[in-house]
2 protein chains.
Amino acid sequence: MKLIEGGVCAAKGFTAGGVRCGIRKNRTKKDLALIFSEAPASAAAVYTTNLVKGAPLTVTKKHLADGQARAVICNSGNANTCNANGIEIAEGMAKLAAEALDLRPEDVLVASTGVIGEPLSLTPIAEGMGALVKSLSPEGCPDAAEGIMTTDTVRKEIAVEFELGGRLCRLGGIAKGSGMIHPNMATMLVFLTSDAAISPSMLQKALSGDITRTFNMVSVDGDTSTNDMVVLLANGLAGNPEITEEGPDFTCFMQALNTVTVGLCRMIAGDGEGATKLLECRVHGAPGEQAARQVAKSVICSSLLKAAMFGADANWGRVLCAIGYSGAALDVNRIDVGFASKAGEIRVCKNGAGVPFSEEEAKKILSEREIDILVDLNQGDAAATAWGCDLTYDYVKINGDYRT
Amino acid sequence: MKLIEGGVCAAKGFTAGGVRCGIRKNRTKKDLALIFSEAPASAAAVYTTNLVKGAPLTVTKKHLADGQARAVICNSGNANTCNANGIEIAEGMAKLAAEALDLRPEDVLVASTGVIGEPLSLTPIAEGMGALVKSLSPEGCPDAAEGIMTTDTVRKEIAVEFELGGRLCRLGGIAKGSGMIHPNMATMLVFLTSDAAISPSMLQKALSGDITRTFNMVSVDGDTSTNDMVVLLANGLAGNPEITEEGPDFTCFMQALNTVTVGLCRMIAGDGEGATKLLECRVHGAPGEQAARQVAKSVICSSLLKAAMFGADANWGRVLCAIGYSGAALDVNRIDVGFASKAGEIRVCKNGAGVPFSEEEAKKILSEREIDILVDLNQGDAAATAWGCDLTYDYVKINGDYRT
């Protein structure tokens with residue numbers, strides 16, 4: 001398996017594009033994105049667990065009932081959520097795209113992200129549709145990635161190449177997500193495409209299995225959004241024997257998927273609102289996978305730890321504290337904690353108690369852009385990883401007056 | 001019932017004091033506090049639910065096994081947690097205080113708050129004990145309240161007077177807590193005293209019953225501390241017939257307790273680390289009390305909402321979003337949301353969707369120091385209130401380099 005360029009356009013038969021249609025006021029950024037498969041594609045998705053769900057999710061779920069889709073349309077700047085006419089607008093977006101692409105509306109998936117509770121008008125979308133479809137191109141991934149961004153500061157795209165049944169396949173994706181990011185749901189907007197041949201049910205199985213270890217292990221601020229979803233389309237144009245059951249090919253597909261999703265998780269966490277640092281918490285020695293995940297997520301979600309990481313302060317007591325309230329049943333007197341980065345690695349806690357360490361060395365390690373928080377529970381074989389970011393002045397600034 | 005002066009010294013027979021013994025480096029603040037009852041007292045306590053527990057909690061639990069206590073000693077600047085010799089030190093503190101006060105060590109309760117994982121030396125405590133005991137006085141509550149503060153910016157004390165069986169009784173308290181404050185535990189250090197006569201088991205019942213509606217409904221940052229406890233002593237010197245079962249007197253005692261604890265909750269939330277605003281989320285119309293509490297806590301814990309309140313931004317979508325991921329089973333299409341303060345009240349969401357409102361008026365309401373977030377779920381009769389604060393630049397600043 002190797003990393004390649006192209007994002008959602010890396011897989012054969014996929015094009016993408018993005019334009020600025022005017023949903024976002026006072027902005028020069030693109031606010032409308034489109035992804036298109038020239039051939040029918042198996043499709044799978046996972047959605048937020050928030051009871052307050054954006055209207056686009058309801059429409060996408062309906063359109064995915066047959067496990068097939070050809071296109072995804074997504075706007076930024078308005079979540080189309082908590083609006084009386086939300087379903088009508090989301091269906092309208094699908095219909096406009098379907099007409100322009102000569103598809104059935106049911107083959108178009110819809111997503112929105114932005115402010116909640118402000119009515120979304122179809123007018124700018126209708127007016128921008130011509131330019132949007134015209135923008136579709138195999139080189140269009142950066143435009144689509146920009147079109148779905150809100151407070152993101154960088155575009156997030158990645159793709160890999162891998163082999164299935166002797167045929168080269170590709171799987172790539174784009175993501176958006178900077179604030180309102182939290183475990184236990186499909187955490188953000190992620191659109192993935194592949195030219196592998198795989199049945200809709202196995203595609204859904206692959207996606208649902210993957211997110212428990214990837215997007216559900218990312219947290220920026222503990223807020224579970226109303227609109228987030230992960231969509232995966234696979235059009236089979238690579239020509240491999242269709243995957244219809246578990247086996248070596250499915251495992252290989254899962255690995256490709258995991259490489260892409262972990263890459264996007266790291267990009268999302270590292271670009272957390274106001275973040276200056278990517279935090280990766282690696283938990284080992286857990287009595288079970290569930291406990292490992294609880295611990296990793298609890299650490300990555302601690303506001304106190306996040307603020308300490310911003311200040312490059314090796315306050316390991318906050319790691320232990322977060323483990324203690326994670327809900328996992330643990331013997332806290334066996335826990336070791338360390339910090340690592342490309343500047344080195346340091347042990348700060350052994351058997352639940354502090355060990356002497358060089359504050360100077362710790363400061364050096366924690367001043368890097370990517371920090372690993374290493375936890376060995378020493379009470380089993382299970383492991384898990386979670387991704388997050390530091391808590392900074394800018395998070396507060398960005399969210400103190402988001403709407404205006 | 002009326003509010004009176006005196007805090008923990010308002011009740012007959014209680015004195016308190018505080019000194020600076022030198023645990024906290026480079027500080028002029030007092031770091032050691034003592035509360036003393038001249039008569040034997042029933043005692044009750046609740047503790048953090050964090051698996052990582054400070055050594056003082058273990059010792060206090062042991063000393064409370066007989067439901068009796070005469071004194072509480074508490075230091076700030078060091079949590080005495082995750083230290084190999086923690087129990088020994090906590091027992092040493094009790095022993096030092098017991099010797100100086102001519103009590104059994106088992107009648108002294110111990111608490112600590114501050115940095116985790118740095119060994120606590122008994123030396124400054126032993127050296128300061130003489131002055132500490134000497135500082136005990138009926139006017140000593142402010143000194144004790146200062147002695148337990150960490151990042152708190154104001155002392156927190158309150159007391160009430162009420163009648164039981166024809167006798168005037170008093171109940172008062174002090175609290176400490178600014179960061180690492182979160183529901184689902186005894187959230188902070190709170191010491192309460194009363195001169196009412198009440199059996200140890202009824203005292204524990206009163207305290208355990210009260211905290212689910214009070215301290216467990218306060219959140220500053222979602223971090224559950226390792227050291228927090230609420231202690232309640234009642235020495236019976238008011239001379240009322242001892243409360244030994246439920247009934248009108250117990251109800252009256254509960255009301256007095258609740259008045260004091262709600263007052264302290266509001267002080268703690270309003271003095272949250274970096275906070276500029278006290279937030280009170282009042283939920284009505286819930287299908288059950290548990291659901292009401294889940295919703296109120298979820299709203300008050302949302303980082304996005306807290307940042308929006310800092311910015312006086314009426315972003316009600318974030319209220320609805322937090323309700324949606326609260327875990328309570330609700331019909332989100334029946335929810336009304338409003339904001340209120342002494343500048344007025346405004347409805348911003350009706351039946352789960354936005355309603356037109358004056359941004360100017362909203363800004364005025366949200367610019368006050370105390371904000372009410374009003375949620376009517378319109379699907380039952382249960383209600384709950386939670387207290388929190390806004391998320392500000394200063395929270396990050398305070399916690400970016402707490403240890404040094």
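Here is what the cut-offs are and how they apply
Residues numbered from 1 in each chain as written. Chains lettered and ligands numbered in written order. Predicted model: local features only at pLDDT ≥ 70, side-chain atom pairs only at ≥ 80, totals over all residues. Helix = DSSP H or I, 4+ residues; strand = E, 2+ residues; numbered from the N terminus. Buried ≥ 20, exposed ≤ 12 C-beta atoms within 10 Å, placed from the backbone. Expected span 1.5 Å × (residues − 1). Contact = placed C-beta atoms within 7 Å. Arc of directions from axis to C-beta. Core = buried A, V, L, I, M, F, W, Y, C linked by C-beta atoms within 7 Å. Axes fitted to C-alpha atoms, helices over the stretch in contact; angles between N-to-C directions. Parallel < 35°, antiparallel > 145°, perpendicular 65-115°, else oblique. Left-handed = near helix turned anticlockwise from the far one by under 90°. Nonpolar A, V, L, I, M, F, W, Y, C, P; charged D, E, K, R; others polar. Pairing = 2+ DSSP bridges. Domains from an automatic or database assignment.

### Considerations on unusual backbone geometry
Residues and elements named next belong to chain A.
Now for step 1: Of note in the backbone geometry, Cys82 takes a positive phi value of approximately 60° without being a glycine.
Now for step 2: Tracing the backbone shows Cys82 in the loop between strand S4 (68-78) and helix H2 (86-101).
Now for step 3: Backbone geometry places Asn351, a non-glycine residue, at a positive phi of 55°.
Now for step 4: Among the secondary structure elements, Asn351 is positioned in the loop between strand S12 (344-350) and strand S13 (353-354).
Now for step 5: Note on Asn351: 14 C-beta atoms within 10 Å, which makes it partly exposed.

### Description of H2 of chain A
Residue and element names in this part refer to chain A.
Now for step 1: Helix length check: H2, at 16 residues, gives a terminal C-alpha distance of 23 Å against a target of 22 Å (1.5 Å per residue), a fit within 8%.
Now for step 2: Buried residues along H2 sit against strand S3 (32-47), helix H1 (55-63), S4, strand S5 (108-115) and helix H3 (123-134).
Now for step 3: Positive phi shows up at Asp102, right after H2, with a value of about 60°.

### Observations concerning helix H10 (residues 359-366) of chain A
Every α-helix carries 3.6 residues per turn, so stepping three or four residues along brings you back to the same face.
Residue and element names in this part refer to chain A.
Now for step 1: Every buried residue of H10 is accounted for by Ala362, Ile365 and Leu366. Along the axis of H10, the buried positions cluster into a sector of 90°, meaning they face one direction only.
Now for step 2: Elements that come into contact with the buried residues of H10 comprise helix H8 (303-310), strand S11 (336-341), S12 and strand S14 (370-376).

### Notes on the nonpolar core
Now for step 1: Among the nonpolar cores identified, the biggest contains 292 residues, and Leu34 of chain A together with Leu34 of chain B are the most heavily contacted of them.
Now for step 2: Dropping the residues within four chain positions of it, Leu34 of chain B is found in contact with Ala16, Gly17, Ala71, Ile73, Ala97, Leu132, Val133, Leu136 and Ala144 of chain B.

### A few points about the packing of H8 of chain A against helix H9 (residues 317-324) of chain A
All names here are of chain A.
Now for step 1: Contact geometry of H8 with H9 gives a least axis separation of 9 Å together with a crossing angle of 160°. For the element pair H8 / H9, the angle class is roughly antiparallel. Crossing handedness for the pair H8 and H9: left-handed. Residues Leu304, Leu305 and Ala308 of H8 form the contact with H9, whose own contacting residues are Arg318, Val319 and Ala322.
Now for step 2: Here the residues of the contact of H8 with H9 are counted per class, giving five nonpolar, no polar and one charged.

### Considering the pairing of strand S8 (residues 189-194) of chain B
Residues and elements named next belong to chain B.
Now for step 1: The buried count for S8 comes to six of six residues, which makes it a mostly enclosed element.
Now for step 2: The pairing of strand S7 (residues 167-176) with S8 spans six bridges and is antiparallel. Along S8, the bridge assignment pairs Ile174 with Phe191.
Now for step 3: Both S8 and strand S9 (residues 229-234) contribute to a ladder of six bridges, which runs parallel. Along S9, the bridge assignment pairs Leu192 with Leu232.

### Overview of the packing of helix H1 (residues 55-63) of chain B against helix H2 (residues 86-101) of chain B
When two helices pack together, their arrangement is given by the angle between their axes and by how far apart the axes lie.
Residues and elements named next belong to chain B.
Now for step 1: Here H1 crosses H2 at 55°, and the two axes come no closer than 8 Å. What the angle tells us is that H1 and H2 run oblique. Along this stretch, H1 crosses H2, giving a crossing that reads as right-handed. Across the interface between the two elements, Ala55, Pro56, Thr58, Val59 and His63 from H1 touch Gly86, Ile87, Ile89, Ala90, Glu91 and Ala94 from H2.
Now for step 2: Looking at the contact of H1 with H2, its residues break down into seven nonpolar, three polar and one charged.

### Concerning the domain arrangement of chain A
Accessible area lost during the coming together of the parts is what is often quoted as the interface size.
All names here are of chain A.
Now for step 1: Segmenting chain A into domains produces domain 1 (2-270) and domain 2 (278-400).
Now for step 2: A straight line from the C-alpha centre of domain 1 to that of domain 2 covers 31 Å.
Now for step 3: Residues that form the side of domain 1 that touches domain 2 fall into these classes: six nonpolar, five polar and one charged.

### Concerning the sheet that holds strand S10 (residues 278-286) of chain A
All names here are of chain A.
Now for step 1: Spatial strand order, S13-S12-S11-S14-S10-S15: six strands in an open sheet with mixed pairing. Of all strands in the sheet, those bounded by a partner on one side alone are S13 and strand S15 (382-389).
Now for step 2: Contacting S11, S12 and S14, H10 crosses the sheet at an angle of about 120° to S12.

### Some thoughts on the environment of Val337 of chain A
Residues and elements named next belong to chain A.
Now for step 1: Along the chain, Val337 falls in strand S11.
Now for step 2: On the basis of neighbour count, Val337 is assigned to the buried category, with 25 C-beta atoms found within 10 Å.
Now for step 3: If we ignore the near neighbours within four places in the chain, the residues touching Val337 are Trp316, Val319, Leu320, Val348, Cys349, Leu374 and Val375.

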